[in-house]
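This is what each chain is made of:
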Amino acid sequence: MRILGIDPGLQITGFGVIDVDGPVLTYVASGTIKTTHLDSSNLPARLKVLFDGICEVTARYTPDSSVCEIVFVNVNPQATLMLGQARGACLTALVSCNIEVAEYTALQMKKAVAGYGKAGKPEVQEMVKRLLKLPVLPGKDAADALGLAITHAHAGSSAAILARARARQDKLTAPVKGGRPP
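Residues numbered from 1 in each chain as written. Predicted model: local features only at pLDDT ≥ 70, side-chain atom pairs only at ≥ 80, totals over all residues. Heavy atoms only, no water.

Enquirer: Give me the lowdown on the sheet that holds strand β1 (residues 2-7), citing residues and values where you can.
Expert: Within the open sheet, the 5 strands sit side by side as β3-β2-β1-β4-β5. Their pairing is mixed. Single-partner strands in this sheet number two, and they are β3 (24-34) and β5 (100-104). Between one strand axis and the next, the sheet turns by 20° as a mean value, whatever way the strands run. Where β1 lies against strand β4 (residues 65-69), 4 bridges are found, and the strand directions are parallel. Bridging across to β4, I6 finds its partner in C68. (Pairing = 2+ DSSP bridges. Helix = DSSP H or I, 4+ residues; strand = E, 2+ residues; numbered from the N terminus. Axes fitted to C-alpha atoms, helices over the stretch in contact; angles between N-to-C directions.)

Here it is, written out as structure tokens:
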């Protein structure tokens, strides 16, 4: 399974792509989509760059699923609103490309990747490097995106195990026709 992680930002959006084969995680690609070359007052143009960039990444790497960071509430309401719009452009791009989308908070990702929900960017970068056996540290935004993909890989496999266990349990407790247990 191929997973695309997205760390949304209005100026810099990170992306990271990994392949998952059971417990084995393999790095595919990572990078950033930047809007810093545009006038900061031209929000529609910046959102279009993000939308087009995510569509280009999905076309190039053909992920089976994706994950996007849930935006936290910032002290500055205007910054939170702008970040929410960037996230919305990313989510809309993923959905328009028919990619399944999961969502995790930064705290969930940090806890899953670094073992500590308040881990800093350097700790996340180092753990992503180790988990994916990368030769160098990924950039901050790409590391967060890869961390989200890793989180989804772990959570997705756990969810699949739970679903199989529930299905088995449902079979065992389901009423049996004819009065005989299976």
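Okay, back to it.
Enquirer: Pulling in residues and values, what's your account of the environment of T105?
Expert: Relative to the helices and strands, T105 resides in the loop between β5 and α3 (106-114). Between the alpha carbons of T105 and C68 there is a distance of 8.6 Å; along the sequence they are 37 residues apart. Not counting residues up to four positions away in its chain, the partners in contact with T105 are E69 and I70. (Contact = heavy atoms within 4.5 Å.)

Enquirer: Can you lay out the state of the cysteines for me, pointing to particular residues and giving the numbers?
Expert: Tallied over the entire structure, the rule returns 0 disulfides. No disulfide involves C68; its nearest neighbouring cysteine sulfur is the one of C90, lying 5.6 Å away. Cysteine C97 remains unbridged, with the sulfur of C55 as its closest cysteine sulfur at 3.6 Å. By relative accessible area, which is 26% here, C97 ends up partly exposed. (Disulfide = S-S within 2.5 Å. Buried < 20%, exposed > 50% of the residue type's maximum accessible area, 1.4 Å probe, protein only.)

Enquirer: Describe the environment of I33, with residues and values.
Expert: Within the secondary structure, I33 sits in strand β3. Relative accessible area serves as the criterion here: at 9%, I33 is assigned to the buried category. For the pair I33 and D52, spaced 19 residues apart in sequence, the C-alpha to C-alpha distance is 9.5 Å. Apart from the residues within four sequence positions on either side, I33 is in contact with Q11, I12, T13, F15, V49, L50, G53, I54 and V57.

Enquirer: Outline the side chain of T151, listing residues and values.
Expert: Structurally, T151 can be placed in helix α5 (residues 140-173). On the basis of relative accessibility, which here comes to 6%, the residue T151 falls in the buried class. In terms of polar contacts, T151 uses its side chain to reach the backbone carbonyl oxygen of G147, at 2.8 Å. (Polar contact = N/O pair within 3.5 Å; in protein donor to acceptor, adjacent residues only side chain to side chain.)

Enquirer: Which residues make up the nonpolar core, and what values go with them?
Expert: Core analysis: the biggest nonpolar cluster contains 21 residues, and L4, I6, F15, L50 and I54 have the highest contact counts within it. Residue assignment for this core shows that the elements contributing at least two residues are β1, β2 (12-21), β3, α1 (43-61) and α2 (77-96). Looking at this core element by element, the count peaks at 7 residues for α1. If we ignore the near neighbours within four places in the chain, the residues touching L4 are F15, G16, V17, V57, T58, P63, S65, S66, V67 and L94. The next biggest cluster of nonpolar side chains, apart from the first, holds 19 residues, and it includes A102, V113, L132 and I150. (Core = buried A, V, L, I, M, F, W, Y, C linked by side-chain atoms within 4.5 Å.)

Enquirer: Residue-level account of the packing of α3 against helix α4 (residues 121-131), with values.
Expert: How two helices pack is summed up by the angle between their axes together with the distance between the axes. Contact pair α3 / α4: the axes reach a minimum separation of 9 Å and the direction vectors enclose 50°. Relative to α4, α3 is oriented oblique. Of the two elements, α3 crosses α4, and the hand of that crossing is left-handed. Between α3 and α4, the residues in contact are M109, K110, V113 and A114 and V124, M127, V128 and L131, respectively. (Parallel < 35°, antiparallel > 145°, perpendicular 65-115°, else oblique. Left-handed = near helix turned anticlockwise from the far one by under 90°.)

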